[in-house]
Amino acid sequence: MKKLLTSAVLMVMASAAQAADDVTLQLKWVTQAQFAGYYVAAAKGFYEEEGLNVTILPGGPDVAPTQVIAGGGADVVIDWMPSALAAREKGLALVNIAQPFKSSGMELTCLKESGVASPADFKGKTLGVWFGGNEYPFLNWMNKLGLKTDGSDVTVLKQGFNVDPLLQKQAACISTMTYNEYWQVIDAGIKPEDLTVFKYQDEGVATLEDGLYVMQDKLSDPAFEDKMVRFVRASMKGWKYAEGNVDEAANIVIENDATGAQTIEHQTRMMGEIAKLTAGSNGTLDEADYQRTVEALMSGGSDPVITKAPEGAWTHAVTDKALN
């Protein structure tokens, strides 16, 4: 009888495993605490509880989430809204189904010795900017300031994903994130008091970052929508756990870093900063934040990031079912 029960239990477990729905998530960048909520959801069994088998694909400098999902390489991707909306206007029908990040972590970090004390001092300076979709918030800000980025007002240095241009004084300011590159500058030996930092959030030019996007046509399939409902529910459970358990979340990230490049010190600090950005969000896109982002992207004068207000670029259908 005991053997029969054991066999029955194993059969049920095997059946449950076979019934798990596969989901492939493409990250915007490499494995780090920026994506801790998803790794935590996997490690703590939150995805498994929802009947999901989630594969998390790390990103990198040569990985564009929009291209991955366009090619069918992922079910859902993490991207910044400026990049997603720009892609949508060009014909890639991406839809935001959830917005775990409430606040922006983007900033310009400048050496005080370069003479930059306020945005008025940008003129005539070289500014480091990330491209590959990350340039849109910067270009919008410069347009808002009335500064041309063709070299006549500011010189744009196409910045790699490092802080070398600032350390080597090739640029007066560089792009940094509150949770990553800023601390690389500090770790390189530059003191906070020797820096001037402009946070996009504080300058009123912040746009939404790290949202979850799927292809619009996929949402017409009830089975796919249901899968995304379960994915978002488990992911937000992972995010809230990560917010409240910074050290554990950082360790989980380290365990998932196949490159071995990350350190626990850096990831713990990063997780602490990331928790500030996800705080206040239950995953539901705030319509006011969306409208602010759209208005910012359309306010570029003769060269806006998007030329018209998008239609159907977001939905509450998934989060309404996942979180209510």
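Residues numbered from 1 in each chain as written. Predicted model: local features only at pLDDT ≥ 70, side-chain atom pairs only at ≥ 80, totals over all residues. Heavy atoms only, no water.

Visitor: So what exactly am I meant to see when it comes to the environment of Thr176 here?
Guide: Examined against the element boundaries, Thr176 turns out to sit in strand E8 (residues 173-177). Given the relative accessible area of 0%, Thr176 is considered buried. In terms of polar contacts, Thr176 uses its side chain to reach the side chain of Thr109, at 2.8 Å. (Helix = DSSP H or I, 4+ residues; strand = E, 2+ residues; numbered from the N terminus. Buried < 20%, exposed > 50% of the residue type's maximum accessible area, 1.4 Å probe, protein only. Polar contact = N/O pair within 3.5 Å; in protein donor to acceptor, adjacent residues only side chain to side chain.)

Visitor: Where do I start with the pairing of strand E3 (residues 76-79) in this structure?
Guide: Burial along E3 is two-sided: Val76 and Ile78 and Val77 and Asp79, pointing in opposite directions, are all buried. Relative to E3, strand E1 (residues 21-26) runs parallel, the two being bridged by 2 bridges. Bridging from a neighbouring strand, Gln26 pairs with Val77 of E3. Where E3 and strand E10 (residues 211-215) come together, 3 bridges link them in antiparallel fashion. Across the sheet, the residue bridging to Asp79 is Gly211, located in E10. (Pairing = 2+ DSSP bridges.)

Visitor: Just to check I follow, could you spell out the pairing of strand E5 (residues 106-111) for this structure?
Guide: Consecutive side chains of a regular strand alternate in pointing toward one face of the sheet and then the other. With 6 of its 6 residues buried, E5 lies for the most part within the structure. Pairing between E5 and E8: 5 bridges, direction antiparallel. Looking at E8, one finds that Cys110 is bridged to Cys173. Pairing of E5 with strand E9 (residues 195-199) involves 5 bridges; the strand directions are antiparallel. Directly across from Leu108, in E9, lies its bridge partner Phe198.

Visitor: When you look at the state of the cysteines in this model, what are you seeing that I'm missing?
Guide: Think of a disulfide as a covalent bridge from one cysteine sulfur atom to another cysteine sulfur atom. Taken as a whole, this structure holds 1 disulfide when the rule is applied. With its sulfur 2.2 Å from that of its partner, Cys110 forms a disulfide with Cys173. Disulfide Cys110-Cys173: torsion about the S-S bond near 105 degrees, hence right-handed. Of the two residues, Cys110 sits in strand E5 while Cys173 sits in strand E8, which places them 63 residues apart along the sequence. Using a relative accessible area of 0% as the deciding quantity, one classes Cys173 as buried. (Disulfide = S-S within 2.5 Å.)

Visitor: I would appreciate a short explanation of unusual backbone geometry in the present structure.
Guide: What you tend to see is this: most non-glycine residues have negative phi, and most peptide bonds are trans. The phi angle at Lys169 is positive, at roughly 60 degrees, despite the residue not being glycine. Residue placement: Lys169 occurs in the loop between helix H7 (164-167) and E8. With relative accessibility at 54%, the residue Lys169 sits in the exposed group. The residue Asp210 is not glycine, and still its phi comes out positive at about 45 degrees. Summarising the element assignment, Asp210 is placed in the loop between helix H9 (200-203) and E10.

Visitor: Even after reading the chapter, I still don't get the packing of helix H2 (residues 36-43) against helix H11 (residues 246-255), so can you show me in this structure?
Guide: Interaxial distance between H2 and H11 falls to 9 Å at its minimum, and their mutual angle equals 85 degrees. As far as their axial angle goes, H11 and H2 are roughly perpendicular. For the pair H2 and H11, the contacting residues are Ala36, Tyr39, Val40 and Ala43 in the first and Ala249, Ile252 and Val253 in the second. The residue inventory of the contact of H2 with H11, partitioned by class, reads 7 nonpolar, no polar and no charged. (Axes fitted to C-alpha atoms, helices over the stretch in contact; angles between N-to-C directions. Parallel < 35°, antiparallel > 145°, perpendicular 65-115°, else oblique. Contact = heavy atoms within 4.5 Å. Nonpolar A, V, L, I, M, F, W, Y, C, P; charged D, E, K, R; others polar.)

Visitor: Explain the packing of H2 against helix H10 (residues 222-244) here, please?
Guide: At a minimum axis distance of 7 Å, the contact between H2 and H10 shows a crossing angle of 105 degrees. Taken together, the axis directions place H2 and H10 in an arrangement best described as roughly perpendicular. In this structure, H2 contributes Ala36, Gly37, Tyr38, Val40 and Ala41 to the contact, and H10 contributes Phe231, Ala234, Ser235, Gly238, Trp239, Tyr241 and Ala242. Looking at the contact of H2 with H10 residue by residue, the classes come out as 9 nonpolar, 3 polar and no charged.

Visitor: It is not clear to me how the sheet that holds E3 should be interpreted in this structure. Could you clarify?
Guide: Paired through their backbone hydrogen bonds, the strands of a sheet run either parallel or antiparallel. Pairing in this open sheet of 5 strands is mixed, and the strands run E2-E1-E3-E10-E4 from one edge to the other. The open sheet terminates on both sides in strands that have one partner only, identified here as strand E2 (52-57) and strand E4 (94-98). For this sheet the average axis-to-axis angle between neighbouring strands, irrespective of direction, equals 35 degrees. Where helix H5 (residues 81-89) meets the sheet, its contacts fall on E3, E4 and E10, and the angle it forms with E4 comes to roughly 145 degrees.

Visitor: Just to check I follow, could you spell out the nonpolar core for this structure?
Guide: Proteins that are soluble and globular tend to have nonpolar side chains buried together. Grouped together as the largest cluster of nonpolar side chains are 66 residues, with contacts concentrated most on Tyr38, Phe122, Leu212 and Phe231. Counting residues in each nonpolar core, the second largest holds 22 residues, with Leu92, Val294, Ile306 and Ala313 among its members. (Core = buried A, V, L, I, M, F, W, Y, C linked by side-chain atoms within 4.5 Å.)

Visitor: What is the right way to look at the layout of surface pockets in this model?
Guide: Once rolled over the atoms, a probe with the size of a water molecule shows which space is left empty. Taken as a whole, the largest pocket encloses approximately 510 Å³ of empty space. Around the largest pocket, the lining comprises 30 residues; the ones closest to its centre are Lys28, Phe131, Gly132, Asn134 and Phe161. Secondary structure elements with two or more residues in the lining of the largest pocket: helix H4 (65-70) and H5. Broken down by element, the lining of the largest pocket gets its largest block of residues, 3 residues, from H5. Here the residues of the lining of the largest pocket sort into 14 nonpolar, 10 polar and 6 charged. (1 Å grid on protein atoms, 1.4 Å probe; cavity = no way out; pocket = protein on both sides within 12 Å on 5 of 7 lines; lining within 4 Å. Points joined across faces, edges and corners; volume = space filled by probe spheres on them.)

The values are spatial; any link to function lies outside them.
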